[in-house]
Amino acid sequence: MTVDGASYTDDVEPRMLLVHYLRERLGKTGTVVGCDTSNCGACTVHLDGRSVKSCNVLAVQVDGGEVTTIEGLSQGGELHPMQAAFHECHALQCGFCTPGMIMQAIDVLNDNPKPTEEQIREGLEGNLCRCTGYHNIVRAVQAASGQTAVPAAIEESA
Amino acid sequence: MIPAQFEYVAPTTLEDALQALADAGDDAKIIAGGQSLLPVLRMRLNAPDVVIDLGRIESLRGVRDDGDAIVVGAMTRHADVLTDPLVRENAFVITKAVEVLADPQVRHRGTFGGALAHADPAGDLGAPALALDAEFVVAGPRGTRTVAAEDFFVDLFTTALEENEILTEVRIPKRAGWGAHYEKFVRVAHQWPIVAVAAAVKVDGGTIREARVGLTNMGSTPLRARAVEQALVGQPATDEAVRAAAASAAEGTDPPSDLNGDADYRRHLATVLTRRAVLAAAGA
């Protein structure tokens, strides 16, 4: 499979979950295991361009597929605009849900570049923040979609 | 949590999948999108010897027009059903149900046929499929057979599928121009419905000419609210008339009691949600 632009070939046990392959074989620990019951969305990555919960996909199912993780977003040392928006809007408290929130937020804007606040909240329905910091997360997505006053740092990186 | 060990087979044709199923004996599981199966395997509620992945069989994907019906391939992902124009035009209540099914990530992976074959009574697709008189096309060692929705859902997590059979597609009779709504009641985000109601109605000049109402999580299988359907026909699409018809929504149901509510509470919910669903479907 291709992960963050690099190709990998491995033999794995059929029961190995994609999230464990990413973390334990490839060392991509930016993708985290949150609930382990497919509820929380902390492990969200993009598979062939769409967001999925990587704890709910077998690595063998991704044979030949293309995965993007949180570690593959920044280009040339520049944060992805969504990462920059989360940073500027302080869209995190403990930070554990952040990788999954950012990956899902990018998916939301891929489907709908100018979502309403309600559409953002619906789009992030599968991602839980146990700190309950949703308000700033929604603000960050609004900022990244260019719908609110964007701090200068975001405009520069976007 | 990590599943128990299993052998994994990923056939690329339906014939190979049926053969793999026959070869695997009586302890094989089919994986479609895996959004229900993988949590079950991880919690070790089930530990099959063989898992057969239908994900590489292209012929099981997609929606096509077949005259008086649309045909949804069993491996069509929820996200693709949601945006499909044929489904929207001819089976709008399916679109409305998929819109609120689980969450976006699950809709990207989960499949139409997988969810129906899983037959969770709280699953969102059973009631709309039943209400629209969908037909389930099933392939097995002796060929293909078609099962009516009424006969497909047998009990909790149990369908008419035999151990050596695979659901390949679902035929849904076209109902273009019908209004539809899926009213789902949950307490928290991306929860299974406590109760949900699928309603499709044909309204002409403010009068309900035909009505189809399906209930989610009001028994061990999806159910039709036939008393409501009959009471609606010929009625004006008004709050008063729909409220009166919806009063019989719980007739003949056997809802569960659990931490989300007891059976009486669900019976009450069914009447309220039916009224809302029918009114929304009728555009009233």
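Residues numbered from 1 in each chain as written. Chains lettered and ligands numbered in written order. Predicted model: local features only at pLDDT ≥ 70, side-chain atom pairs only at ≥ 80, totals over all residues.

**Student:** Got a sec to walk through the interface of chain A and chain B? Specific residues and values, please.
**Tutor:** Accessible area lost on assembly of the parts is the figure often given for the size of an interface. Counting from both sides, the interface comprises 21 residues of chain A and, opposite them, 23 residues of chain B. Elements with a minimum of two residues in the side of chain A that touches chain B: β4 (50–53) and α3 (98–111) of chain A. The biggest single contributor to the side of chain A that touches chain B is β4 of chain A, with 4 residues. Here the residues of the side of chain A that touches chain B sort into 4 nonpolar, 10 polar and 7 charged. (Contact = placed C-beta atoms within 7 Å. Helix = DSSP H or I, 4+ residues; strand = E, 2+ residues; numbered from the N terminus. Nonpolar A, V, L, I, M, F, W, Y, C, P; charged D, E, K, R; others polar.)

**Student:** Quick one: what's the story with the domain arrangement of chain A, residue by residue and with numbers?
**Tutor:** Residue and element names in this part refer to chain A. By the assigned domains, chain A splits into domain 1 (2–72) and domain 2 (81–157). Here the C-alpha centroids of domain 1 and domain 2 sit 22 Å apart. Every contact between the two is made by 15 residues of domain 1 and, on the other side, 11 residues of domain 2. Within the residue set of the side of domain 1 that touches domain 2, elements represented by two or more residues are β3 (44–47) and β4. Among the elements that make up the side of domain 1 that touches domain 2, the one with the highest residue count is β3 (3 residues). A per-class count over the side of domain 1 that touches domain 2 returns 6 nonpolar, 8 polar and 1 charged. (Domains from an automatic or database assignment.)

**Student:** Got a sec to walk through the packing of helix α11 (residues 239–246) of chain B against helix α12 (residues 263–281) of chain B? Specific residues and values, please.
**Tutor:** Residue and element names in this part refer to chain B. Across the interface, α11 lies against α12 with an axial gap of 9 Å and an inter-helix angle of 140°. With respect to their mutual orientation, α11 and α12 come out oblique. Note that α11 runs across α12; the crossing there is right-handed. Residues Asp 239, Val 242, Arg 243 and Ala 246 of α11 form the contact with α12, whose participating residues are Thr 271, Thr 274, Arg 275, Val 278 and Leu 279. The class makeup of the residues in the contact of α11 with α12 is 4 nonpolar, 2 polar and 3 charged. (Axes fitted to C-alpha atoms, helices over the stretch in contact; angles between N-to-C directions. Parallel < 35°, antiparallel > 145°, perpendicular 65-115°, else oblique. Left-handed = near helix turned anticlockwise from the far one by under 90°.)

**Student:** Give a description of the domain arrangement of chain B that names residues and reports values.
**Tutor:** Residues and elements named next belong to chain B. Assigned domains within chain B: domain 1 (7–53), domain 2 (61–173) and domain 3 (179–281). Centre-to-centre separation of domain 2 and domain 3, based on C-alpha positions: 20 Å. Taken together, the contact pairs 20 residues of domain 2 with 22 residues of domain 3. Per-element accounting of the side of domain 2 that touches domain 3 gives the leading share, 5 residues, to helix α8 (residues 126–131).

**Student:** Just give me the short version of the sheet that holds strand β3 (residues 50–53) of chain B, but keep the residues and values in it.
**Tutor:** The pairing of strands in a sheet comes from backbone hydrogen bonds and takes either a parallel or an antiparallel form. Residues and elements named next belong to chain B. Taken in spatial order, the 3 strands line up as β1-β3-β2 in an open sheet, and their pairing is parallel. Taken across any chain shown, the strands that pair with only one partner, and hence form the sheet edges, are β1 (7–9) and β2 (28–31). Across the sheet, the mean angle from the axis of one strand to that of its neighbour is 25°, orientation sign disregarded. Here β2 runs beside β3; their pairing, made up of 4 bridges, is parallel. Paired with Ala 28 across the strands is Val 50, a residue of β3. (Pairing = 2+ DSSP bridges.)

**Student:** Report on unusual backbone geometry, specifying residues and quantitative values.
**Tutor:** All names here are of chain B. In this structure, Asp 133 takes a positive phi of about 55° despite not being glycine. Tracing the backbone through its elements, the reader meets Asp 133 in the loop between α8 and β6 (135–140). The class of Asp 133 is partly exposed, set by 16 C-beta atoms lying within 10 Å. A positive phi is found at Asn 217, a non-glycine position, where the angle reads about 65°. Take Asn 217: it is sitting in the loop between β13 (207–216) and β14 (223–224). C-beta crowding within 10 Å serves as the criterion here: with 29 such atoms nearby, Asn 217 is assigned to the buried category. (Buried ≥ 20, exposed ≤ 12 C-beta atoms within 10 Å, placed from the backbone.)

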